[in-house]
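Topology and contacts: notes
Listed below, chain by chain, are the residues.
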Amino acid sequence: MAGSFEPRIPKPIGPGVPPTGVALFQELRASCDGVDFVSELATRSGRTRGSVEWFLQQKTVIPAGLFCAAIALRILLATKAEARLRSTKLR
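Residues numbered from 1 in each chain as written. Predicted model: local features only at pLDDT ≥ 70, side-chain atom pairs only at ≥ 80, totals over all residues. Heavy atoms only, no water.

Looking only at helices and strands, one finds four helices and zero strands in the protein chain. In the protein chain, the succession of helices and strands from N to C terminus is α-α-α-α. Taking as baseline every contact in the protein chain between residues at least 6 positions apart, the subset at least 24 positions apart corresponds to 52%. Accessible surface, the protein chain: about 6,600 Å² in total, of which carbon and sulfur atoms supply 59%. (Helix = DSSP H or I, 4+ residues; strand = E, 2+ residues; numbered from the N terminus. Contact = heavy atoms within 4.5 Å. Areas by Shrake-Rupley, 256 points an atom, 1.4 Å probe, with all protein chains shown as cover.)

Given 3.6 residues per helical turn, the α-helix brings residues three or four places apart onto the same face. Of all the residues in helix α2 (residues 37–45), the buried ones are Phe-37, Val-38, Leu-41 and Ala-42. Buried residues along α2 cover an arc of 140° about the axis, so they all sit on one side. Of the residues one or two after α2, Gly-46 is the one with positive phi, at around 80°. (Buried < 20%, exposed > 50% of the residue type's maximum accessible area, 1.4 Å probe, protein only. Arc of directions from axis to C-beta.)

All right, on to the nonpolar core then. Ranked by internal contacts, the top residues of the largest apolar core, which has 15 residues, are Leu-24, Leu-28, Phe-37, Leu-41, Val-52, Leu-56 and Leu-66. Excluding its chain neighbours within four sequence positions, the residues that come into contact with Leu-41 are Leu-28, Val-52, Leu-56, Leu-66, Ala-69, Ala-70 and Leu-73. (Core = buried A, V, L, I, M, F, W, Y, C linked by side-chain atoms within 4.5 Å.)

If you want it as structure tokens, here you go:
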């Protein structure tokens with residue numbers, strides 16, 4: 001098998017391992033109902049929408065800046081969801 005090389009693709013999401021583009025896309029699509037998360041990631045990462053869309057189609061680990069933008073977006077959405085929950089409990 002000389003010359004045969006199979007790249008190792010990291011586990012999509014786990015402690016200490018940034019997700020692949022495909023894994024991040026699937027996670028955000030499931031958790032960001034009604035939110036244009038591609039646009040949000042582009043704004044937060046300083047990348048173009050086209051660049052973000054390209055990375056979200058890849059089976060490789062996403063760049064650090066995009067990963068940080070995804071974390072910030074997750075925190076923002078979780079905070080908004082928690083605030084909505086609290087406001088409904090107070091009624």
